[in-house]
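# Survey of secondary and tertiary structure
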2 protein chains.
Amino acid sequence: MITNNILSFAKSILCEVLEPGCIAVDATAGNGYDTVYLSRQAGVEGRVFAFDIQEEAIEQTRQRLNEECMPENWTLFHSGHENMLSLIPEEFHGKVNIVMFNLGFLPGSDKSIVTRPETTLKALADSLEILATGAMICIAIYAGHPGGAEEDAAVREYCTALDYHYVRVIQSEMLNKPGYPIRLLFLTKL
Amino acid sequence: MITNNILSFAKSILCEVLEPGCIAVDATAGNGYDTVYLSRQAGVEGRVFAFDIQEEAIEQTRQRLNEECMPENWTLFHSGHENMLSLIPEEFHGKVNIVMFNLGFLPGSDKSIVTRPETTLKALADSLEILATGAMICIAIYAGHPGGAEEDAAVREYCTALDYHYVRVIQSEMLNKPGYPIRLLFLTKL
């Protein structure tokens, strides 16, 4: 049963892209769960680049990668994802298979430190640059915090305007979930 | 690449549910493509029940099933899907793994013969009755015809009101597709 939960739904889509040897970017490392997931899927032949503006998030992610005995296929950047184009080595540009974003705040931490529309949109444009043809960006939007609705709107406006002949954008959400919404966007570069 | 097209996206989700031996319902047989797909996935041990109000659609579907040499696991009903509860034998109630709906008109035929909100909502309620726990309804909504927007709204209103503890509803659509929208709904019975 993969459609009872929006995040297991996302994973079932990602599974199709994440193969051993893939190049993955975690644009928002946060508590590190996704970085570990990407590192495991990429395996020893793959590469994972993870970004976070919070020192605490980078440390949590490093600790989790070590605890879970992940292969040494990862590089952590204590930097915003808007800098990915300059920080990810040029040899990987145009070869990235997946970029993941979790937009909102780091669960269990300071809710005033959140992703922001300006840097998020820059990072999305850069992600499309570094993606391989046929590769995917997966964005999970948690909009239940101050400013969250604005970021949600800005990201969707950006995605809606993308040329259908260059990028396909699928939006998924739970229609009858009580409480704050979680929205998924899957961008495929043609 | 499964996320470049909303229908291949749907198929990748359905694949998780459709196993040999499954019980499937095609609520709108139409040109028969989905009935053939369900018959193939269900295999000799499975069962497929397909409905359509148009004689032409039932004949097209029968012909396609025969041409494709599908196993004799199918039963066609020249009847509206609002009658599924009385037409599908009682022994299958509570055991159905998937019900598929294509809402709108039969491609290439009379556009005045379309699915209607009243009968569609009755069929959705009955589908939830006959589904097994953990099973799924997949609805594709083509709203590019007169009355299509109203049916789209009615179906979504119905789904949004479903109890989250009983049914999960995921909605997916292509955000940047030019032309009329295609919307997908995945309902999972808990």
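Our structure is the block above this text.
Residues numbered from 1 in each chain as written. Chains lettered and ligands numbered in written order. Predicted model: local features only at pLDDT ≥ 70, side-chain atom pairs only at ≥ 80, totals over all residues. Heavy atoms only, no water.

## Concerning the relation of the copies chain B and chain A
- If you rotate chain B by 180 degrees and push it 0.0 Å along the axis, it lands on chain A with an RMSD of 0.0 Å. The transformation just described matches what one would write down for a two-fold rotation axis. Scanning chain B for the C-alpha nearest the rotation axis identifies S172 of chain B, at a separation of 2.1 Å.
- An overlap of 100% is found between the interface residues of chain B and their copies at the interface of chain A, pointing to a shared contact surface. (Least-squares fit on C-alpha atoms with pLDDT ≥ 70 in both. Contact = heavy atoms within 4.5 Å.)

## Digging into the nonpolar core
- Ranked by size, the top nonpolar core spans 66 residues in total, and within it F9, I98 and F186 of chain A together with F9, I98 and F186 of chain B carry the most contacts.
- Ignoring anything within four residues of it in the chain, the contact list for F9 of chain A reads I2, T3, S172, L184 and F186 of chain A together with F9, I13, I170, S172 and F186 of chain B. (Core = buried A, V, L, I, M, F, W, Y, C linked by side-chain atoms within 4.5 Å. Buried < 20%, exposed > 50% of the residue type's maximum accessible area, 1.4 Å probe, protein only.)

## Regarding helix α1 (residues 6-14) of chain A
- Every buried residue belonging to α1 of chain A is among I6, F9, A10, S12, I13 and L14 of chain A, and all of these are buried.
- Two or three places before L7 of chain A, at the opening of α1 of chain A, N5 of chain A has a side-chain oxygen 2.7 Å from that residue's backbone nitrogen. (Helix = DSSP H or I, 4+ residues; strand = E, 2+ residues; numbered from the N terminus. Polar contact = N/O pair within 3.5 Å; in protein donor to acceptor, adjacent residues only side chain to side chain.)

## Points about the pattern of salt bridges
Residue and element names in this part refer to chain A.
- According to the stated counting rule, one finds 12 salt bridges over all chains in the structure shown.
- The partner of D152 in a salt bridge is R156, with the nearest N and O atoms 3.5 Å apart. With a gap of four residues between them, D152 and R156 both fall in helix α6 (residues 148-160), about one helical turn apart.
- Classification of D152 by relative accessible area gives buried; the value is 7%. (Salt bridge = Lys/Arg side-chain N within 4 Å of Asp/Glu carboxyl O.)

## Comments concerning the side chain of H145 of chain B
Residues and elements named next belong to chain B.
- For H145, the location among the structural elements is in the loop between β5 (131-142) and α6 (148-160).
- For H145, a relative accessible area of 7% translates into the label buried.
- Ignoring any residue separated from it by four or fewer positions in sequence, one finds H145 in contact with G104, F105 and V114.

## A closer look at the pairing of strand β2 (residues 47-51) of chain A
Residues and elements named next belong to chain A.
- Of all the five residues making up β2, four are buried; the element is thus mostly covered by neighbouring parts of the structure.
- Relative to β2, strand β1 (residues 23-26) is paired through four bridges, and the arrangement is parallel. Residue D26 lies in a different strand from β2, and its bridge partner there is A50.
- For the crossover that starts at β1, traverses helix α2 (residues 33-42) and ends in the parallel β2, the hand is right-handed.
- Here β2 pairs with strand β3 (residues 74-77) via four bridges, running parallel. Bridge pairing links V48 to W74 in β3. (Pairing = 2+ DSSP bridges. Right-handed = clockwise from strand over helix to strand, strands pointing away.)

## Description of the interface of chain B and chain A
- Taken residue by residue, the interface counts 35 residues in chain B and 35 residues in chain A.
- Across the chain B/chain A interface, buried area totals approximately 2900 Å², and carbon plus sulfur atoms make up 65% of it.
- Broken down residue by residue, the surface that chain B buries against chain A is led by I170, L175 and N176 of chain B, which jointly contribute 24%.
- Summed over the shared surface of chain B and chain A, the result is zero salt bridges.
- Those elements that place two or more of their residues in the side of chain B that touches chain A are α1 (6-14), β5, α6, β6 (167-174) and β7 (182-189) of chain B.
- Counted by class, the side of chain B that touches chain A contains 18 nonpolar, 10 polar and seven charged residues.
- Two elements, strand β6 (residues 167-174) of chain A and β6 of chain B, share five bridges in a ladder whose sense is antiparallel. (Buried area = accessible area lost by both parts, 1.4 Å probe. Nonpolar A, V, L, I, M, F, W, Y, C, P; charged D, E, K, R; others polar.)

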